[in-house]
Every structure is written in C-alpha cells, then in structure tokens.
Amino acid sequence: MPCNRPPFKSSAPAKIILLGEHAVVYGMPAIAAPIQSLRAYACAQPSDTPLSIRSLEFEKSVAIGSPASDDSLRPLQQLLQIASSYFGMRKPTGDLVIRSDIPVAGGLGSGAAVSAAAIRALAALFGRSVSNEDLNQLVFEMERIHHGTPSGIDNTVVVYERPVYFQRGKDLELLTVKRPCHIVIADTGRATMTREAVSRVRQRYEQRQSATEEVFVSIGQVASNARGALESGKLGQLGALMSENHRLLRQLGISSPELDELVDASIAAGAMGAKLSGGGMGGNMIALVDGSTVPAVRRALRQAGAARVVDFVLSLGPVYS
C-alpha cells in the first residue's frame, strides 16, 4: 500500500467464530480463531496537518475534528478521536491510510481488524506504546460503535491473534490446537450488518425468553464440547459439533437459504461439518475438511453459488506485525 517514508505500518487478521456466536452475547462460551491470510493494514506517517484517515477501499478520507461528509466516515473519525485521547495527543497531526483484504459485513471481523491495525500504527506514529490489554479495550469501544452490543470476541481474537475460548466476564483462555484444521470459507455474496442480526436475536429473546435461553444453553454446551475436541485433535467430533451449532443457529432465525445451501453442499462434498459463521442472515459459512477434500469442497461451494471461496489452515501460532 502507498506509504511515504518514514512509514509506521501495522496489520491485524480477520477472524472466524468456530462455534458459539450469538449465544456468547448472553454469557455462553464461544470459540474463535484468527485468519492470518486475510488481514487489514494501516500505514501512518508524519505531517503538519491535523490527523486524518483515508480508506483505500472506499476512496474516502476525513480529518479529526472536521465535519464528516457522510455517515460512513463517522466511525473512522471516532477511531482517530479514541486513539488520540488514549495516547494523550491534544492536537494530533499525521496521515493514516488503511486498507483491508477482509470482506466488509461478512462476519469476519473487518471492523475490529481495521481498528487494531490503525491504533497500532498510530501508537508508532505518536512514539507511544499500547499493551494488548489496552488495545483490546480500545478496539472493543470501536466495536460498540459498529455493532451496539458486541460480545467482545472479535476484538479479543484480532488483538491476540490466537484461537480463544471466550466467555464474557471470565478470563481470556488461549487454546492449543492439537491438529491443524483445514477450514474452507464461502461467502454468500449477501452483506449483512452484525448489528441487525444481534437485534433480531434480542427481539426473539424478549418475545420468547425461556425457549431462546434453552437454545443459548445448547449452543454453549456445543462450544464447550468442541473445545475438548479441538484440543485433543478429534476433528470428526469437532465437525459434527459445528453442524449441530448450525442447526441451533437456524432455530434462532439467523441463517438464510443461501447459507443453508452452502452448508449442505459442503457436507455433500465431504466436509466433516459446516455452519454459518458470524452474524448470519448472509455473510460467510465455514466448513471443516480433510486436507485431501479441500479441492472438492471448494468446487462444490462455487457450484452452489458462493461469491468467494477461500481456505486456510488453523494451527497454533500468533503473528504480530
């Protein structure tokens, strides 16, 4: 990405929720992991003008304290304000450029990744340091702006860049992946906002609290069991639990015909398990596959109408850049 010298560069990964989305907002555990091959990037450089941020994807820019020309720029402006306040910069100057390989509104943590990369780059620009703990909280503040009532799982995975077992109000637990997991991700091509999906589940909870709580508890139990499968390398069991998680998410009403079709296509092509990942109602699904079946599953997903198919190997090992 263009960045004149001296550059202060940073990046942060996308994330997938392996199990437990939506129920995690209501106190149940969830498992999530970084996607190291999909990242957001930030490049900061000194200037004599008020601190500004420019998005290469949307070809838009805004400066701190300046009127935003449209609503899409306000979160970027708030990002500058939150970071500058944390670092104690009263009249910050500089130029920040961001870009991302992560699809927006696809449940892959695009907003959290951009925020994490941007704040790390600004820390370098300002000659400051930021701990992972503080960065996690700052990115969570941005997640609240984007999503309203986030669980906190996106920012946690993106900042620590490790598979995590996450439960609201409890200490973060980093997971050990016993055996590498081949994951295929398919995009329905239908962008959805996490805020909308979270709102739909909340309405369901308010209208049918007891029945919805039962689904949340079942999802939490699936996530708990999946932790043991992941850490012991029982991939067949993990795949079955992923499929069960998808069935439960359908009960919450946040799947879609496109997601269900892709899930079914991946299973028919040999996947060990599959489910929607993230907010749902569109966005992405994930399938757990054996390394030898990756080509067949990718092919089946494209034939089933996936707008984009990528795959990666989930294994232990953070990447900091």
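Cut-off values and rules
Residues numbered from 1 in each chain as written. Predicted model: local features only at pLDDT ≥ 70, side-chain atom pairs only at ≥ 80, totals over all residues. Heavy atoms only, no water. Pairing = 2+ DSSP bridges. Helix = DSSP H or I, 4+ residues; strand = E, 2+ residues; numbered from the N terminus. Buried < 20%, exposed > 50% of the residue type's maximum accessible area, 1.4 Å probe, protein only. Polar contact = N/O pair within 3.5 Å; in protein donor to acceptor, adjacent residues only side chain to side chain. Contact = heavy atoms within 4.5 Å. Axes fitted to C-alpha atoms, helices over the stretch in contact; angles between N-to-C directions. Parallel < 35°, antiparallel > 145°, perpendicular 65-115°, else oblique. Left-handed = near helix turned anticlockwise from the far one by under 90°. Core = buried A, V, L, I, M, F, W, Y, C linked by side-chain atoms within 4.5 Å. Salt bridge = Lys/Arg side-chain N within 4 Å of Asp/Glu carboxyl O. Expected span 1.5 Å × (residues − 1). Arc of directions from axis to C-beta. Phe/Tyr/Trp six-rings, centres within 6.5 Å; stacked < 30°, edge-to-face > 60°. Lys NZ or Arg CZ within 6 Å of the ring centre and 35° of its normal.

On to the pairing of strand β4 (residues 60–63). Strand direction decides the pairing type here: strand β3 (residues 52–55) and β4, joined by four bridges, are antiparallel. Its bridge partner lying in β4, Ser-52 is registered against Ala-63. Between β3 and β4, which pair antiparallel and follow one another directly, the connecting turn spans four residues, one of which, Glu-59, has a positive phi of 50 degrees.

The subject of this paragraph is the side chain of Ser-52. The topology assignment puts Ser-52 in strand β3. On the accessibility criterion, Ser-52 (19% relative accessible area) is buried. A polar contact is formed between the side chain of Ser-52 and the side chain of Asp-95, at a distance of 3.1 Å. Among residues more than four places away in sequence, those in contact with Ser-52 are Val-62, Ala-63, Leu-80, Gly-94, Asp-95 and Leu-96.

Let us now look at the packing of helix α2 (residues 110–126) against helix α4 (residues 153–160). What describes two packed helices is the angle between their axes and the distance between those same axes. Where α2 contacts α4, the two axes come as close as 9 Å, and the packing angle between them is 45 degrees. Accordingly, the angle class assigned to the pair α2 and α4 is oblique. Viewed along their axes, α2 and α4 form a crossing whose handedness is right-handed. Taking contact as the criterion, the partners of Ala-112, Ala-113, Ala-116 and Arg-120 in α2 are, on α4, Asp-154, Asn-155, Val-158 and Val-159.

Of all hydrophobic cores here, the largest spans 95 residues; its most connected members are Leu-19, Leu-96 and Leu-238. With 12 residues, α2 is the largest single contributor of residues to this core. Beyond its immediate chain neighbours, meaning those up to four positions away, Leu-238 contacts Leu-19, Cys-181, Ala-226, Ala-229, Leu-230 and Leu-288. In this structure, Val-24, Ile-153, Val-157 and Val-164 belong to the second largest nonpolar core, which totals nine residues.

Moving on to the pattern of salt bridges. Tallied over the full model, the rule gives 10 salt bridges. A salt bridge links Glu-244 to Arg-247; the nearest nitrogen and oxygen atoms lie 2.6 Å apart. With Glu-244 and Arg-247 both in helix α7 (residues 235–251) and three residues apart, the pair spans about one turn of that helix. Overall, the relative accessible area of 41% leaves Arg-247 in the partly exposed class.

With that settled, consider the environment of Glu-173. Examined against the element boundaries, Glu-173 turns out to sit in strand β7 (residues 173–174). Look at Glu-173 and you get partly exposed, because its relative accessible area is 32%. As a C-alpha pair, Glu-173 and Pro-163 span 10 residues in sequence and 8.8 Å in three-dimensional space. With sequence-adjacent residues up to four places away left out, Glu-173 is seen in contact with Pro-163, Val-164, Tyr-165 and Arg-227.

Turning our attention to helix α5 (residues 194–207). A rise of 1.5 Å per residue sets the reference length of α5, with its 14 residues, at 20 Å; its end C-alpha atoms lie 20 Å apart and thus fit the reference within 8%. Ala-197, Val-198, Val-201 and Tyr-205 are the residues of α5 that are buried. Projected down its long axis, α5 shows its buried positions confined to an angular sector of 100 degrees, all on one face. More than 90 degrees from the buried face of α5, the exposed residues found are Glu-206 and Gln-207.

This part covers the packing of aromatic side chains. Taken as a whole and assessed by the stated rule, the structure comprises five aromatic pairs. Between Tyr-26 and Tyr-205, the ring centres sit 5.0 Å apart and the planes meet at 45 degrees, which makes this aromatic pair tilted. You can see Tyr-26 sitting in the loop between β1 (8–19) and β2 (30–50) and its partner Tyr-205 sitting in helix α5, a full 179 residues away along the chain. Since its relative accessible area comes to 21%, Tyr-26 is described here as partly exposed. Relative accessible area serves as the criterion here: at 19%, Tyr-205 is assigned to the buried category. Here the aromatic rings of Tyr-86 and Phe-87 are separated by 4.9 Å at their centres, their planes lie at 75 degrees, and the arrangement is edge-to-face. Given a relative accessible area of 32%, Tyr-86 falls into the partly exposed group. Pairwise contacts between aromatic rings join Tyr-26, Tyr-205 and Phe-216 into one cluster. Over the aromatic face of Tyr-165 sits the side chain of Arg-227, whose NZ or CZ is 4.6 Å from the ring centroid.

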